[in-house]
Amino acid sequence: MTTFKIFVDRFNKSEDSKTSTQAGIDLLEKEFKIYLPSDFKTFLLHFGDIWTPGILDLVVDKESDLNDVSQFWDVEQIIYDKKNEWTSSVSVDIIPFASDCMGNIFAFLANDLKRQKASSAIYFFDHDFDTVEKIAESFTEWIDKFNQL
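Reference entry: report on the structure contained in this document.

Reading guide: rules and limits
- Residues numbered from 1 in each chain as written.
- Predicted model: local features only at pLDDT ≥ 70, side-chain atom pairs only at ≥ 80, totals over all residues.
- Heavy atoms only, no water.
- Core = buried A, V, L, I, M, F, W, Y, C linked by side-chain atoms within 4.5 Å.
- Buried < 20%, exposed > 50% of the residue type's maximum accessible area, 1.4 Å probe, protein only.
- Helix = DSSP H or I, 4+ residues; strand = E, 2+ residues; numbered from the N terminus.
- Contact = heavy atoms within 4.5 Å.
- Arc of directions from axis to C-beta.
- Salt bridge = Lys/Arg side-chain N within 4 Å of Asp/Glu carboxyl O.
- Pairing = 2+ DSSP bridges.
- Axes fitted to C-alpha atoms, helices over the stretch in contact; angles between N-to-C directions.
- Parallel < 35°, antiparallel > 145°, perpendicular 65-115°, else oblique.
- Left-handed = near helix turned anticlockwise from the far one by under 90°.

All right, on to the nonpolar core then. In globular proteins that are soluble, nonpolar side chains generally tend to be buried together. The biggest cluster of nonpolar side chains holds 48 residues, and the ones touching the most others in it are Phe7, Phe72, Phe97, Phe139 and Trp142. The element that contributes the greatest number of residues to this core is strand E3 (residues 105-109), accounting for 5 residues.

What follows is the structure, encoded as structure tokens:
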């Protein structure tokens, strides 16, 4: 949780972010027959759909190979996108949770979420090239990469 708090305190610029409820998380899991990783659930319940536009400047200034993350999604947006938008037509079954400044998506693989576990790998969907690439072993590890910028 400390990793997440450091991240949010440093990068969140949203004045109206909302946290998810356990009922919302339960609905998302039931809708797609998945179990969200515990570390991600903690983030949703305590911090929610934060906006982090300043990360792009750091990534560029430090010439980092990280993809910037600018918007974390709430449960409703995850469900809507998965059913109707980009991720409804991706060739790989992904569960989106955030996007970068260009609309590319950060996600979990749905197959990785078929059983309960503390963490799961993070993937990056590049909509220009229609590619899905593994970028971190867990949500916590991924967030900590930004904390190290």
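Let us keep going from here.
Position of glutamate 29 relative to the elements: it lies in helix H2 (residues 22-32). The exposure class assigned to glutamate 29 is buried, which follows from its relative accessible area of 10%. Not counting residues up to four positions away in its chain, the partners in contact with glutamate 29 are Ile34, Tyr35, Leu36 and Lys41.

Another point: H2. All buried positions along H2 are accounted for by Gly24, Ile25, Leu28, Glu29 and Phe32. For H2, the arc enclosing every buried residue in end-on projection is 135°, short of the 170-degree limit, so these residues lie on one face. The exposed set on the far side of H2, more than 90 degrees from its buried face, consists of Ala23 and Lys30. Buried residues along H2 sit in contact with helix H3 (38-46), helix H5 (75-84) and strand E2 (94-99).

This next bit is on the pattern of salt bridges. Tallied over the entire structure, the rule returns 8 salt bridges. Two residues, aspartate 9 and lysine 5, come together in a salt bridge whose shortest N-O distance is 2.8 Å. Of this pair, aspartate 9 and lysine 5 both sit in helix H1 (residues 2-11), 4 residues apart, roughly one helical turn. Accessibility expressed as a relative area gives 54% for aspartate 9, which makes it exposed.

Below, the discussion takes up the sheet that holds E3. The 5 strands lie next to each other as E1-E2-E3-E4-E5, forming an open sheet whose pairing is antiparallel. Each edge of the sheet is formed by a strand with only one pairing partner; in this case those strands are strand E1 (71-72) and strand E5 (131-136). Inspection of the sheet shows E2 paired to E3 by 5 bridges, in the antiparallel sense. When the sheet's bridge partners are listed, alanine 98 is paired in E3 with phenylalanine 106. Lying on the sheet, H5 is in contact with E2 and E3; it crosses E2 at an angle near 125°. Here helix H6 (residues 139-147) sits on the sheet in contact with E1, E2, E3, strand E4 (122-126) and E5, set at roughly 80° to E5.

Moving on: the packing of H1 against H3. At a minimum axis separation of 10 Å, H1 and H3 run at an interaxial angle of 40°. Comparing the axis directions of H1 and H3 gives the class oblique. Of the two possible hands of crossing, H1 and H3 adopt the one that is right-handed. Seen from H1, the contacting residues are Phe4, Phe7 and Val8; seen from H3, they are Asp39, Thr42 and Phe43.

Right, let's talk about the pairing of E4 for a bit. Of all 5 residues that make up E4, 5 are buried, and the element is covered over most of its length. Burial along E4 is two-sided: the residues Ile122, Phe124 and Asp126 and Tyr123 and Phe125 are all buried. Two strands pair when backbone bridges link them, and E3 and E4 are joined in this way by 3 bridges, in the antiparallel orientation. Residue phenylalanine 106 lies in a different strand from E4, and its bridge partner there is phenylalanine 124. As judged from the 5 bridges shared by E4 and E5, these two strands associate in the antiparallel manner. If you follow aspartate 126 over to E5, its bridge partner there is threonine 131. Counted along the chain from E4 to the antiparallel partner E5, the turn is 4 residues long, and its residue aspartate 130 has a positive phi close to 55°.

Any functional reading would require information that these geometric values do not contain.
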